[in-house]
2 protein chains.
Amino acid sequence: MSDVVAIEAPAPDTAEPAASVYELIRDDIISGRLTANQKLIVADLAERFGTSTNPVREALHQLRGEGFVVMTPNRGARVRPMGADFIRDIYEIEVLIEPMLTRWFVRIATDEDIKIVEDLCVRMEQINYSDPPLHGELDTQFHHAMYHRHYNRHAVDLWWKHREILKAMSRRYPTSMARRVAVLKEHRDLLEAIKAHDEERAGAIVALHVEGSGKHIIGQMTTTPR
Amino acid sequence: MSDVVAIEAPAPDTAEPAASVYELIRDDIISGRLTANQKLIVADLAERFGTSTNPVREALHQLRGEGFVVMTPNRGARVRPMGADFIRDIYEIEVLIEPMLTRWFVRIATDEDIKIVEDLCVRMEQINYSDPPLHGELDTQFHHAMYHRHYNRHAVDLWWKHREILKAMSRRYPTSMARRVAVLKEHRDLLEAIKAHDEERAGAIVALHVEGSGKHIIGQMTTTPR
DNA sequence: ATTGCTCATTTTATGTACAAAATCGTCAAG
DNA sequence: CTTGACGATTTTGTACATAAAATGAGCAAT
């Protein structure tokens, strides 16, 4: 009797929670496995995911609402092209939002809060781009640690959505040596401003930081053939 | 996103294009006919619109993607509550975005461009709040005239989406006398700054203008019982 | 040959009907 | 007051029907 129980949960949370159709398509778009303007044919996707068409149709419509997919009546869905101009648009908005979020963090940060971002900063300096994916992950955590508790959920959600797109984008292009050292320095500068509780300076540094990242990626996008 | 077409504009709106289920539900949410947190039952909506369930399901998912609807697995969709905090979130973002859009307009505006916004400004002064809905319409056109050609489509779309929410919200609450005179003055000041091609001043005025509108509505929301 | 057209055929999106699974509400028993 | 069973409600998934659009073969005019 007791040997038939607990078939669920073989481990805490190691097992993936069986990604939804929505997430699968979304990841395919963001990661670039689905190319710009590619047609998203409901029947094909349904077959590929082993479901019927309705889940796909619903996922597509949600993605459309989020802007990842463009739909035209009676002619279906296409992957939203995320070219250099779109990336620029996003960065221009982030240049405004991230300083706002950062200033708030500087205002409310306790010593423990600061300790967390400092640790992340140090780890990034230690690996020194030897492991780009890990650096990217730490970079995201660095900013996330500052922003995630902000009261303006709308702003944080927007930041996160943009972040996911930009993260995926920068994964497709290399980071120049010059930019690498700049990023490390900017993070360090930001950390100092935070420690000094200098709200204005921290905001200004983040603005520069975001702008620099944006300029760099767009440069890579427009020069690299791909 | 950029498929958000020109629904507004002084267009020949003779024959309605038979509003889609999506638009109907969306309008019901924004206008407040559907109240906060109200359950959106697929079968009911389908019956109300005289369609089958699939169009409703797709509309709901798009709305979810746009943030107007909140869905939880196996327990359906609810109207996203748009309380004072959410409105504050939106205004805080607009305080950043609108000045950016305005500055660009000041930079590129020709005399004809300025003429258009001036006319709108004058008309608002003439009706002097005798017709609040009309004032709201002109106000939207005033800003739209400045922003709609901006190269950052993402920012413009975001502004428009926010604008629709805020327009509907302010329609539900009265505008105080003090606020009325302030709005007229701010518009006039802005116009002068534009005419003087003073980018910085125009941006600063818009920031104040948006902030003032936000503060006012939130004040109304938190004091008026409703 | 190439272009541009019609028209039948196939593909695909969109709408309807129904089945399975989950949730919610109610009410009786403890 | 809480628990648990059971029926009604509602969500979620599948299968199919219809209508619109893409495709491509055939053919006439340049």
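Source: prediction; values computed, not measured. (Residues numbered from 1 in each chain as written. Chains lettered and ligands numbered in written order. Predicted model: local features only at pLDDT ≥ 70, side-chain atom pairs only at ≥ 80, totals over all residues. Heavy atoms only, no water.)

### Focus on helix α8 (residues 177–195) of chain B
All names here are of chain B. What counts is decided by this rule: Elements are defined by DSSP. Helices are runs of H or I of four residues or more, strands are runs of E of two residues or more, and each kind is numbered from the N terminus. A helix is expected to reach a length of 1.5 Å times the quantity of its residues less one. Each residue's exposure class comes from its accessible area (1.4 Å probe, protein chains only) as a fraction of the maximum for that residue type: buried when under 20%, exposed when over 50%, partly exposed otherwise. Between two residues, a contact is recorded if the distance between any of their heavy atoms is within 4.5 Å.
Under the 1.5 Å per step criterion, the end-to-end length of α8 is 28 Å for 19 residues, consistent within 8% with the ideal 27 Å. The complete set of buried residues in α8 reads R179, V183, L184, E186, H187, L190, L191, A193 and I194. Tucked into the core, α8 has its buried residues touching α4 (84–108), α5 (111–127), α6 (132–147) and α9 (199–223). Following α8 by one or two positions, H197 adopts a phi angle in the positive range, close to 55°.

### Some words on the protein's contact with DNA strand D
Heads up, the condition is: Nearness is judged by heavy atoms alone; a residue qualifies as near a molecule or strand once a single heavy atom is within 4 Å of it. Think of a polar contact as two N or O atoms within 3.5 Å of one another; within protein, one of them needs to be a possible hydrogen donor and the other a possible acceptor, and neighboring residues in sequence only count if both atoms come from side chains. In this count, Pro and Cys sit with the nonpolar residues alongside Ala, Val, Leu, Ile, Met, Phe, Trp and Tyr, while Asp, Glu, Lys and Arg are called charged and the others, Gly among them, polar.
As a matter of local geometry, DNA strand D sits amid 14 residues, with S52 and N54 of chain A together with V42, R57 and N74 of chain B nearest to it. Within 4 Å of the protein, the atoms of DNA strand D are drawn from sugar and phosphate moieties in a proportion of 69%. N74 of chain B is positioned such that a nitrogen or oxygen atom in its backbone is 2.7 Å from a phosphate oxygen of DNA strand D. Class assignment for the residues of the surface near DNA strand D results in 4 nonpolar, 7 polar and 3 charged.

### Describing the environment of W159 of chain A
All names here are of chain A. As for its placement among the helices and strands, W159 is situated in helix α7 (residues 153–172). It is 10.0 Å that separates the C-alpha atoms of W159 and H143, two residues lying 16 residues apart in sequence. Residues in contact with W159, not counting those within four places in the same chain, are E94, E98, L101, T140, H143, H144 and Y147.

### Description of the interface of chain B and chain A
Often, the extent of an interface is quoted as the loss of accessible area upon association of its parts. The condition is simple: Here the quantity called buried area is the accessible surface, traced with a 1.4 Å probe, that two parts lose on coming together, added over both. When a carboxyl oxygen of Asp or Glu is within 4 Å of a side-chain nitrogen of Lys or Arg, the pair counts as a salt bridge.
Facing 27 residues of chain B, the contacting portion of chain A comprises 27 residues. When chain B packs against chain A, close to 2600 Å² is buried across both sides, 53% of that on carbon and sulfur atoms. For E58 of chain B, the salt bridge identified is with R57 of chain A, shortest N-O distance 2.7 Å. On inspection of chain B and its partner chain A, the count reaches 14 residue pairs in polar contact (both at pLDDT 80 or more). Here the residues of the side of chain B that touches chain A sort into 9 nonpolar, 9 polar and 9 charged.

### Considering the protein's contact with DNA strand C
Close to DNA strand C lie 14 residues, the nearest being V42, R57 and N74 of chain A together with S52 and N54 of chain B. Within 4 Å of the protein, the contacting atoms of DNA strand C are 67% sugar and phosphate, with bases supplying the remainder. One of the backbone nitrogen or oxygen atoms of V42 of chain A is found 3.2 Å away from a phosphate oxygen of DNA strand C. Classifying every residue of the surface near DNA strand C gives 5 nonpolar, 6 polar and 3 charged.

### Considering the side chain of E66 of chain B
Residue placement: E66 of chain B occurs in helix α3 (residues 53–66). Judged by its relative accessible area of 14%, E66 of chain B falls in the buried class. Excluding residues within four positions of it along the chain, E66 of chain B makes contact with G65 of chain A together with Y22, R26 and K161 of chain B.

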